[in-house]
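For reference, the chains in residue letters:
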Amino acid sequence: MTALRLTAPVVLTCDPGCSVLRDAVVDIDADGRITHVGPRAGAPDVAAPVRALRGALLPGLVNTHAHTPMIALRGMGGDLPLMRWLQDVMWPAEGRLTASDVRTAMTSGCIELLRTGCTTSVEMYFFTDAVIDAVSAVGSRVVLTPGIIAAPGWDRLGSWEQMRDDVSARIDAVGVRSGPRDRIELGYGPHAAYTLPPQALASVAEHARERNALMHVHVAETAEEDRALRESHGSVPALLEELGALGGRVLAAHGVHLSDEDIALLASRGAAVAHCPGSNAKLAAGIARVTALRRAGVRVGLGTDGPASGDDLDLWAEARLAGLLARVGSGDAAALTAAELLLMATRDGAAAIGRDDLGAIEAGRLADLVHVDLDDPAFVAPEDDAPLLSNLVWAGGSRLVRDVWVAGEQVLADGEPTKVDRAAATVALREVAAGLRA
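Residues numbered from 1 in each chain as written. Predicted model: local features only at pLDDT ≥ 70, side-chain atom pairs only at ≥ 80, totals over all residues. Heavy atoms only, no water.

### Some thoughts on the packing of aromatic side chains
For the record, the criterion: Two rings belonging to Phe, Tyr or Trp (six-membered ring only in the last case) form a pair when the distance between their centres is within 6.5 Å. Interplanar angles under 30 degrees mark stacking, angles over 60 mark edge-to-face geometry, and anything in between is tilted. Secondary structure follows DSSP: runs of H or I at least 4 residues long count as helices, runs of E at least 2 residues long count as strands, and numbering of each begins at the N terminus. Relative accessible area decides the class of each residue, using a 1.4 Å probe on protein chains only: under 20% of the type maximum gives buried, over 50% gives exposed, and in between gives partly exposed.
All chains considered together, the criterion is met by 3 aromatic pairs. Residues F126 and W154 carry aromatic rings whose centres are separated by 4.6 Å and whose planes lie at 25° to one another, so their mutual orientation is stacked. Here F126, found in the loop between β7 (118-123) and α3 (128-138), pairs with W154, found in the loop between β9 (147-148) and α4 (160-174); they are 28 residues apart in sequence, far enough to count as distant. In this structure, F126 and W154 share a single accessibility class: buried. Every member of this aromatic cluster is reached through a ring pair, and the members are W91, Y125, F126 and W154.

See the structure below:
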């Protein structure tokens with residue numbers, strides 16, 4: 001790859017103040033990192049090729065909680081609460097998936113993510129090699145936390161100890177990050193406190209801390225799943241604390257049913273939360289206390305959850321819904337502004353997973369970039385900064401995405417993936433889905 005300069009009428013760097021740069025440049029080196037961002041006037045001379053873009057550049061979105069290969073199960077059990085949906089529909093169907101099926105599904109899912117402007121997804125799933133193969137083929141980025149579970153029917157993949165040891169062996173062999181420009185990061189995905197014995201949670205957390213790897217776990221998603229644990233331990237965060245499992249890099253998926261004490265505990269331990277409002281709403285799981293989490297200093301990112309529960313993989317839709325629910329729940333029409341929602345989808349999401357090299361257009365960060373079209377009725381006053389951000393989040397979103405770069409490599413051009421055939425991927429996905437429904 002060669003160095004490159006991109007120019008655009010608007011660059012949204014997603015710095016803490018959510019600044020809007022006008023007539024700006026972004027310089028990318030041969031290693032896929034940003035070396036300079038700023039107004040074109042006064043930008044340093046470069047020998048690199050220059051590509052002029054219309055519209056706006058912003059960082060790639062970070063999806064902090066997903067099970068993307070479940071795209072093959074999309075639409076199954078669509079009107080069931082979480083535990084019936086899992087036990088009666090999802091787990092039996094997933095029991096029929098092969099590694100080849102997962103590779104096919106993940107390929108199609110990665111394409112869908114890129115087409116919405118999402119460059120990084122935090123995945124909890126099985127068949128690790130198949131997921132890595134798909135991500136590598138499409139050219140996206142993944143933080144992969146292979147699932148570790150001890151629920152009925154899952155022993156076909158081995159014991160929880162074997163699942164844990166497989167992750168540890170992989171990290172010990174290649175490191176936490178691997179692949180071209182660190183496109184693959186490995187962590188641990190203990191499914192939940194209700195699908196693993198306490199000693200499993202403690203042990204997995206220890207393995208993760210020893211390797212400075214992310215531990216990604218479902219926490220307090222619904223009241224039903226959680227009731228017995230609340231009766232015995234007070235709450236899931238309290239149980240994790242008792243087990244010594246809240247140290248290190250911890251990402252709690254969902255975090256819907258959290259008390260003030262739970263939130264304070266997560267904040268004190270530096271744990272983060274992946275907020276998935278779409279899936280939470282569709283499964284009638286509840287509304288997470290996002291404003292309370294943020295006020296307490298808990299890092300909160302956005303997630304789509306799997307495309308069989310939230311059903312789409314559109315982080316822009318999650319951002320809008322997060323804002324709407326926060327406002328309805330608080331009675332505050334300024335709860336979660338457009339700027340705050342954009343940051344939750346980018347910079348804050350990267351912070352939630354401990355990645356200070358993603359989520360913003362800043363020198364030293366990886367050049368994961370998204371080009372969006374401003375020549376759209378969503379933007380009635382594109383020359384004004386505040387309306388531009390508001391229009392982008394509330395009225396624009398994924399349909400505006402035109403081009404995407406991951407570590408400086410263009411992986412989406414005019415809405416189409418550059419490394420794989422989208423039509424062929426869709427055909428293959430439908431064949432897998434038909435087999436699961438036969």
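### Looking at the packing of helix α2 (residues 99-115) against α3
How we decide: Angles here are taken between N-to-C directions and fall from 0 to 180 degrees, while the axes themselves are lines fitted to C-alpha atoms, restricted in helices to the stretch in contact. Left-handed is the label given to a crossing in which the near helix is rotated counterclockwise from the far helix by less than a right angle, and right-handed is the label when the rotation is clockwise. Note on contacts: a residue pair is in contact if any heavy atoms of the two residues lie within 4.5 Å. Under this grouping Gly is polar, as are all residues other than the nonpolar Ala, Val, Leu, Ile, Met, Phe, Trp, Tyr, Cys and Pro and the charged Asp, Glu, Lys and Arg.
With their axes 8 Å apart at the nearest point, α2 and α3 run at an angle of 35° to one another. By crossing handedness, the relation of α2 to α3 is classed as right-handed. On α3, the residues touching A99, V102, R103, M106, T107, C110, I111 and L114 of α2 are A130, V131, D133, A134, V135 and V138. Partitioning the contact of α2 with α3 into residue classes produces 11 nonpolar, 1 polar and 2 charged.

### Some details on the pairing of strand β17 (residues 369-372)
Moving residue by residue along a regular strand, the side chains alternate between the two faces of the sheet. Threshold: Pairing between two strands is assigned when DSSP locates at least 2 bridges connecting them.
Burial along β17 is two-sided: the face carrying L369 and H371 and the face carrying V370 and V372 are both buried. Inspection of the sheet shows strand β5 (residues 56-59) paired to β17 by 4 bridges, in the antiparallel sense. Bridge assignment links L58 to a residue of β17, and that residue is V370. Across 4 bridges, the pairing between β17 and strand β18 (residues 401-406) is antiparallel. Bridging from a neighbouring strand, V370 pairs with V404 of β18.

### Observations concerning the pattern of salt bridges
A side chain of one charge can pair with a side chain of the opposite charge when the charged atoms of the two come close. Put simply, the rule is: The term salt bridge refers to a pairing of a side-chain nitrogen on Lys or Arg with a carboxyl oxygen on Asp or Glu at a separation within 4 Å.
Counted under the stated rule, the structure contains 30 salt bridges. Put simply, R177 and E185 hold a salt bridge, and the shortest N to O gap is 3.9 Å. Judged by its relative accessible area of 30%, R177 falls in the partly exposed class. The salt bridge partner of R249 is E185, with a shortest N-O separation of 2.8 Å. You can see R249 sitting in strand β14 (residues 249-254) and its partner E185 sitting in strand β11 (residues 184-186), a full 64 residues away along the chain. Under the relative-accessibility criterion, R249 is labelled buried at 18%.

### Thoughts on the nonpolar core
Short version of the rule: Put simply, buried Ala, Val, Leu, Ile, Met, Phe, Trp, Tyr and Cys residues joined by side-chain atoms within 4.5 Å make one nonpolar core.
Grouped together as the largest cluster of nonpolar side chains are 122 residues, with contacts concentrated most on L12, L73, W85, M90 and L342. At 8 residues, helix α1 (residues 82-94) tops the list of elements feeding residues into this core. Once residues lying within four places of it in the same chain are set aside, the contact partners of L73 are M90, A93, E94, L97, A308, L436 and R437. V11, I28, I34 and I361 belong to the second-largest nonpolar core, a separate cluster that totals 14 residues.

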